[in-house]
Amino acid sequence: MRLRAALAAAALAATAALAGCSGDTSPLPSVTVQPGEARATTVPPTDSPPVPACNPRASLRPAGALPAPGAMPAGTYMETILKRGRLVLGTSQDTLLFSSRNPFTGRIEGFDVDMGRQIAQAIFGDPGKLQIKVIGYDKRVSSAADGSVDIVADTMTANCERWRDVAFSSVYYEAGQRVLVSSTSTARSIEDLGGKKVCSVAGSTSFENIGKVRSKPVPVARAAFGDCLVAFQRNEVDGISTDDTILAGMAAQDPYARVVGPRFTEEPYAIAMSPAHPEFTRFVNAVLERNRADGTWKRTYEKWLGDFGPAPAPPKAVYR
Ligand code: GLU
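Calculation notes
Residues numbered from 1 in each chain as written. Predicted model: local features only at pLDDT ≥ 70, side-chain atom pairs only at ≥ 80, totals over all residues. Heavy atoms only, no water. Pairing = 2+ DSSP bridges. Helix = DSSP H or I, 4+ residues; strand = E, 2+ residues; numbered from the N terminus. Contact = heavy atoms within 4.5 Å. Near = heavy atom within 4 Å. Polar contact = N/O pair within 3.5 Å; in protein donor to acceptor, adjacent residues only side chain to side chain. Areas by Shrake-Rupley, 256 points an atom, 1.4 Å probe, with all protein chains shown as cover. 1 Å grid on protein atoms, 1.4 Å probe; cavity = no way out; pocket = protein on both sides within 12 Å on 5 of 7 lines; lining within 4 Å. Points joined across faces, edges and corners; volume = space filled by probe spheres on them. Nonpolar A, V, L, I, M, F, W, Y, C, P; charged D, E, K, R; others polar. Buried < 20%, exposed > 50% of the residue type's maximum accessible area, 1.4 Å probe, protein only. pLDDT = per-residue confidence, 0-100. Expected span 1.5 Å × (residues − 1).

A.B. asks: Sorry if this is basic, but what is going on with the sheet that holds strand E4 (residues 99-102) here?
C.D. replies: Pairing between sheet strands relies on hydrogen bonds along the backbone, with the strands arranged either parallel or antiparallel. Taken in spatial order, the 3 strands of this open sheet run E3-E4-E5, and their pairing is antiparallel. Each edge of the open sheet carries a strand with a single partner, namely strand E3 (94-95) and strand E5 (107-109). Note: E3 against E4, 2 bridges, orientation antiparallel. Residue pairing for E4: Thr95 is matched across the bridge by Ser99.

A.B. asks: Even after reading the chapter, I still don't get the environment of Ser148, so can you show me in this structure?
C.D. replies: With respect to the secondary-structure elements, Ser148 resides in the loop between helix H4 (140-145) and strand E7 (151-152). Among all residues touching Ser148, those that are not within four sequence positions of it are Val88, Lys133 and Ser143.

A.B. asks: Which parts of the structure should I look at to understand the site of the ligand?
C.D. replies: Looking at the ligand, there are 15 residues lining it, with Arg140, Thr157, Ser206, Thr242 and Asp243 nearest. A distance of 2.7 Å separates a nitrogen atom of the ligand from a polar backbone atom of Thr155. Asp243 has a polar side-chain atom sitting 2.6 Å from a nitrogen atom of the ligand. Alone, the ligand offers 280 Å² of accessible surface; in the complex the protein occludes 100% of this.

A.B. asks: Whenever I open this one, empty space enclosed by the protein confuses me. Can you help?
C.D. replies: To find the voids left in a structure, one rolls a probe of water-molecule size over its atoms. One pass over the structure, following the stated rule, counts 3 cavities of 30 Å³ or more. What the largest cavity holds in volume is close to 50 Å³. Around the largest cavity sit 13 residues that line it, and Arg140, Thr155, Ser204, Thr205 and Asp243 are the ones nearest its centre. Those elements giving two or more residues to the lining of the largest cavity turn out to be helix H6 (205-210) and strand E12 (239-243). Grouping the amino acids of the lining of the largest cavity by side-chain chemistry returns 4 nonpolar, 6 polar and 3 charged.

A.B. asks: Please clarify how the environment of Leu130 should be interpreted in this entry.
C.D. replies: Inspection of the secondary structure assignment puts Leu130 in strand E6 (residues 130-134). What makes Leu130 buried here is its relative accessible area of 17%. The sequence separation of Leu130 and Val88 amounts to 42 residues, and the corresponding C-alpha distance is 5.9 Å.

A.B. asks: Would you explain the confidence of the model for the chain in this entry?
C.D. replies: Regions with low pLDDT should not have their predicted coordinates read in detail. In the predicted model, the chain carries a mean pLDDT of 87, and 85% of its residues have values of at least 70. Counting interchain partners and residues more than four positions distant, the pLDDT-below-50 stretch residues 7-27 has 42 contacts.

A.B. asks: Can you walk me through helix H3 (residues 111-124) in this structure?
C.D. replies: One turn of an α-helix holds 3.6 residues; hence residues three or four places apart share an orientation. With 14 residues, H3 ought to run about 20 Å at 1.5 Å a step, and its terminal C-alpha atoms sit 20 Å apart, in line with that. Counting buried residues along H3, 12 of its 14 residues qualify, which places the element largely inside the surrounding structure. Gly125 lies just past H3 and shows a positive phi near 80°.

A.B. asks: What am I meant to see in the environment of Gly176 here?
C.D. replies: By the element assignment, Gly176 lies in the loop between strand E8 (167-175) and strand E9 (177-182). By relative accessible area, Gly176 is classed as buried at 0%. Placed 88 residues apart in sequence, Gly176 and Phe264 show a C-alpha to C-alpha distance of 6.7 Å. Not counting residues up to four positions away in its chain, the partners in contact with Gly176 are Thr242, Asp243, Asp244, Arg263, Thr265 and Glu267.

Next comes the structure, spelled out in structure tokens:
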């Protein structure tokens, strides 16, 4: 239901000719990456400086029970937000189902926006005390790190490279990278696209991952995934590769597109924040923990992704 409503909204906003849901697309498949398989089709990068090993899923443990909304402990960053009167969320406006603008209401909505609303609820007792700042994918790390937003929830993969600049919450969604091709393509996976142009967004993990595929597809960068979809529909690229979540939204907008092959990476989504306020990271983790336990996470999944099947168990929190 939600998907149909979101699609109707996207259809209004889109620049390309858009249509209804493609029946043969299974964008959020039961195909999961087996341990050791995740990087099986990739080769290590040769030109980037080494990133110290870490467990990107491990965040800071919540510090006891959540304070009551409206009563944040003195001297904490939560109190700063409370006094300001709004929580500032950095996110996208064109990622259908996660954070996209609904042209009927003008509001940006989706799974990621609901993460922000739930944190605002915990601070203020009002999910509406949320200011959304639209940021580019390539500004997610810097916006969280320099405090120009309080949180980034934007289909953002927690990885060790990013942990050098930001603090991540525990994981709230497990995605993985796949590839979208034309329904007439013979490609069955990303490996079949050697020498072909595959679009992704500058500053995203998936753009870099395309460059690691053994068969050597040619990565093509665009500023946003909406631009990739337009390039695909104009036959300027042979495919689009990114997280299955994002491809789900695109495939649903284009009946001539389908998502193929298994997930070939793991993309654990987490909320990014400045590392300067560890008490805030612990607070956010306490909110996520409560929402896993009381069914809020499941309801959020069903609201946005329920058209793809029943909600899985929420990702388990890992703490350092
Ligand atoms: N999860 C990705 C990231 O954090 C976003 C999508 C993509 O990379 O294509 O960069």
